[in-house]
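# Secondary and tertiary structure notes
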2 protein chains.
Amino acid sequence: MTAKPRPTYSAIAKSAGVSEATVSRVLNGDSRVNPERTAAVLKAVDQLGYRKNRAATALASGRTGLIAVVIDDDLSIFDDPFWGTVTSGISRVLMANHLQTVLMVTAVNNVDGPVAHYLESREVDGAIFFQLHKDAMVRKLAKAGLPIVITGSPHTDADLIFVDTDNFGGGYAATKQLLNRGCKKVAIITGDIETTAGHQRLDGYNQVYRELGRVPAKSLIRHGDYSYESGQVQMRHLLEENPDVDGVFACNDLMALGAIAAIEESGRTVPDDVAVIGFDDSIMSRTSRPQLSTVRQDIAALGEAAAQLMIAQLNGDQVESRIMPVELVLRESA
Amino acid sequence: MTAKPRPTYSAIAKSAGVSEATVSRVLNGDSRVNPERTAAVLKAVDQLGYRKNRAATALASGRTGLIAVVIDDDLSIFDDPFWGTVTSGISRVLMANHLQTVLMVTAVNNVDGPVAHYLESREVDGAIFFQLHKDAMVRKLAKAGLPIVITGSPHTDADLIFVDTDNFGGGYAATKQLLNRGCKKVAIITGDIETTAGHQRLDGYNQVYRELGRVPAKSLIRHGDYSYESGQVQMRHLLEENPDVDGVFACNDLMALGAIAAIEESGRTVPDDVAVIGFDDSIMSRTSRPQLSTVRQDIAALGEAAAQLMIAQLNGDQVESRIMPVELVLRESA
DNA sequence: TATTATTGTGAAATCGGTTTCACGCCTACG
DNA sequence: CGTAGGCGTGAAACCGATTTCACAATAATA
């Protein structure tokens, strides 16, 4: 009752009148096979509807055709469309290159945990990490020779390959815009300052002041954690300590919305009394009122770039980290 | 210069003084192995830091340890945190069961495309599909014996295993609430009516009217497409044709926000003139003002349930589709 | 007590590819 | 003209597990 067994090299070799070794050569693009034999093999492959068995290939060649995408459990990927978009960009590019994406949502902190073991075991050909806080595990894996790409905030001092948004440039552009539109006192609500991304956006903010020969008051710099609530809370503090603040760069859209809520509850209006710029160009920046001005990043492109860097590494090419450009999107809030 | 090669069964067998067959038995939980030998094997495994080679296992056993999660490219997974959350729920449960998640973002329509081939080739042990429009491919794979679970809207007439939100119950509860709070004329803005989910929410709405012995006017039923803009546009139509409409059930939060925008631009207020209820309990329902009343679904639980159904199938257990409960969350808009 | 099951075990075949090696043949160089 | 180097090819080893099969030792049955 069981159907036709799938054809193997043996069947193709027989059908094409060549050895299995030659079948392998043809199917792996070894150029020095007689054209006639090549044709015969390809014809047999086609006729028999042959498909390689991935497990057998993996066992014999050591290449699994799988790339892991590791997402730290700590991150609330929940509620955050960002990572889904990045991941689908990665998946699309990998599939086009005959690689599959293995998604691992897990705690990354443990250098000796199951994930580390899994990756070390070479059950995948490479790994793409998202937004790390700690990099001990990644370093260890990289040292062990596993091709790695980091997406999101890279490490300050590492020679690891990464792809990231131009956080500095985004922070710079947002702050500059606020000053250009006439704001006199521009504050910042940072995201998680532990991450490089958070730091870089703040650096961009500071750079604008530096170029003007000014130094922002300490009280203008407040640290949030990327949540709506933290944006609201920090904005209240800001308004209390600096009633004359007239511009705010919030390091993501969610905090920007929280900040706007705080501004309006204080009786002020956006953008007339206080202008606000967010970061991400998330869907909420368009659905909120006033619509949010923000720093846009091409998120899918970020994922695609990560996948391309991975593929380049697998090919043994020389690879360099990439910073993806951002774009200021002006709507109503600034 | 190359490091220690990874130990294999051969090394363990030697170290424990048993045959490789016995090592396999111990590591696969075959109970009829002498306890002493079992202990010796486990000790050797521990000492040598042994880990199974997945490719070899897959080749020999036919099980790859991989489950595909297939997301239709057509869906804008972009901007929609929903699927990311479902996926991470799936991944977490699968990992706990020593299975890995292979993510495929691709066009699903083609019965004979690369994805179909990939899945048919048994390069994965099973597949979880998201929100299908067409099910030809899925049927074919299921018939071929591949374990399958569908997440999101299931098929009307299929005996395929699925997990879905209680769309009917959600639509019913939302509509009922609007009437209970005193609305006289309750409209609905549906989502993509092609999907079962869209239909079921509408059915829930109709059921409430039916129980009251009434039939909603045709003009109270408008079809959107889950986008913010469509919510806004359909609401404008609604207000034009039914100026006295005082309640709206929008089939997702995004459309609900669009509807609120339309209501306010007409000079009416929410919820006093028109009450609004959305669906999803997305982050936006909390950040918008007025805060949105909505139908909450436990999205991560949806993914977890899907993974569990998959695992049950792999175990050969009898499996039944599941409908996950929803909960009405009342905030300010209704 | 003789015979049949049952249990524990290892040798060897198997899964389906890849890769090394040796061989025969042909061209190029000194 | 003789030898070195290349090319195309097939036989066979190999990747690292699982599983069948045969066999010995023990327990259960008649």
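Residues numbered from 1 in each chain as written. Chains lettered and ligands numbered in written order. Predicted model: local features only at pLDDT ≥ 70, side-chain atom pairs only at ≥ 80, totals over all residues. Heavy atoms only, no water.

With respect to topology, 12 strands assemble into an open sheet ordered E11(A)-E5(A)-E4(A)-E3(A)-E1(A)-E2(A)-E2(B)-E1(B)-E3(B)-E4(B)-E5(B)-E11(B), the strand pairing being mixed. Since the sheet does not close on itself, it has two edges, and those belong to strand E11 (322–324) of chain A together with strand E11 (322–324) of chain B, each with one partner. Between one strand and the next, the sheet's axes are offset by a mean angle of 20°, whatever the strand orientation. Pairing geometry for strand E1 (residues 66–72) of chain B and strand E2 (residues 100–106) of chain B, over seven bridges, is parallel. Bridge pairing links Asp-72 of chain B to Thr-106 of chain B in E2 of chain B. (Pairing = 2+ DSSP bridges. Helix = DSSP H or I, 4+ residues; strand = E, 2+ residues; numbered from the N terminus. Axes fitted to C-alpha atoms, helices over the stretch in contact; angles between N-to-C directions.)

The next point concerns the packing of aromatic side chains. How two aromatic rings sit relative to each other is set out by the distance from centre to centre and by the angle between their planes. Taken as a whole and assessed by the stated rule, the structure comprises nine aromatic pairs over all chains. Sitting over the face of the ring of Phe-279 of chain A, Arg-201 of chain A holds its NZ or CZ atom 3.6 Å from the ring centroid. (Phe/Tyr/Trp six-rings, centres within 6.5 Å; stacked < 30°, edge-to-face > 60°. Lys NZ or Arg CZ within 6 Å of the ring centre and 35° of its normal.)

Take the domain arrangement of chain A next. The assigned domain composition of chain A is domain 1 (9–52), domain 2 (66–165 + 299–325) and domain 3 (167–297). In this structure, domain 2 of chain A and domain 3 of chain A have C-alpha centres spaced 30 Å apart. (Domains from an automatic or database assignment.)

Put simply, Val-270 of chain A and Pro-271 of chain A share a cis peptide bond, and its omega is 5°. Relative to the helices and strands, Pro-271 of chain A is located in the loop between helix H11 (253–265) and strand E9 (275–280). A positive phi angle is found at Asp-280 of chain B, which is not glycine, with a value near 130°. As for its placement among the helices and strands, Asp-280 of chain B is situated in strand E9 (residues 275–280).

On to the interface of chain A and chain B. In this assembly, 44 residues from chain A lie in contact with 44 residues from chain B. Across the chain A to chain B interface the summed buried area is about 4000 Å²; carbon plus sulfur atoms make up 61%. On inspection of chain A and its partner chain B, the count reaches four salt bridges. The partner of Arg-54 of chain A in a salt bridge is Glu-123 of chain B, with the nearest N and O atoms 3.2 Å apart. Our count for the contact surface shared by chain A and chain B stands at 12 residue pairs in polar contact (both at pLDDT 80 or more). Contributions of two or more residues to the side of chain A that touches chain B are made by helix H4 (54–61), helix H5 (81–96), strand E2 (100–106), helix H6 (114–120), H11 and helix H12 (283–287) of chain A. The residue makeup of the side of chain A that touches chain B, split by class, is 23 nonpolar, 10 polar and 11 charged. With three bridges joining them, E2 of chain A and E2 of chain B adopt antiparallel strand pairing. (Contact = heavy atoms within 4.5 Å. Buried area = accessible area lost by both parts, 1.4 Å probe. Salt bridge = Lys/Arg side-chain N within 4 Å of Asp/Glu carboxyl O. Polar contact = N/O pair within 3.5 Å; in protein donor to acceptor, adjacent residues only side chain to side chain. Nonpolar A, V, L, I, M, F, W, Y, C, P; charged D, E, K, R; others polar.)

The next point concerns the sheet that holds strand E6 (residues 186–190) of chain B. Remark on secondary structure: sheet strands pair via backbone hydrogen bonds, oriented parallel or antiparallel. Residues and elements named next belong to chain B. Spatially, the six strands line up as an open sheet ordered E7-E6-E8-E9-E10-E12, and their pairing is mixed. Edge positions in the sheet fall to strand E7 (221–223) and strand E12 (326–329), since each has one partner strand and no second. Between one strand axis and the next, the sheet turns through 20° on average, direction left out of account. In terms of strand pairing, strand E10 (residues 293–297) meets E12 through four bridges, oriented antiparallel. Residue pairing in the sheet places Gln-297 in a bridge with Val-326 of E12. Relative to E9, helix H11 (residues 253–265) is tilted by about 160°, and along the sheet it contacts E6, strand E8 (247–250), E9 and E10.

Another point: the protein's contact with DNA strand D. Residues in close proximity to DNA strand D total 26 residues, the closest being Arg-25, Arg-32 and Arg-37 of chain A together with Tyr-9 and Tyr-50 of chain B. Put simply, 67% of the atoms of DNA strand D that lie within 4 Å of the protein are in sugar or phosphate. At 2.3 Å from a phosphate oxygen of DNA strand D is found a side-chain nitrogen or oxygen belonging to Arg-37 of chain A. The contact in question runs from a phosphate oxygen of DNA strand D to an N or O atom on the side chain of Tyr-50 of chain B, over 2.3 Å. Every element with two or more residues in the surface near DNA strand D is listed here: helix H2 (20–27) and H4 of chain A together with helix H2 (20–27) and helix H4 (54–61) of chain B. It is H4 of chain B that contributes the most residues to the surface near DNA strand D, four residues altogether. Looking at side-chain class alone, the surface near DNA strand D contains 11 nonpolar, eight polar and seven charged residues. (Near = heavy atom within 4 Å.)

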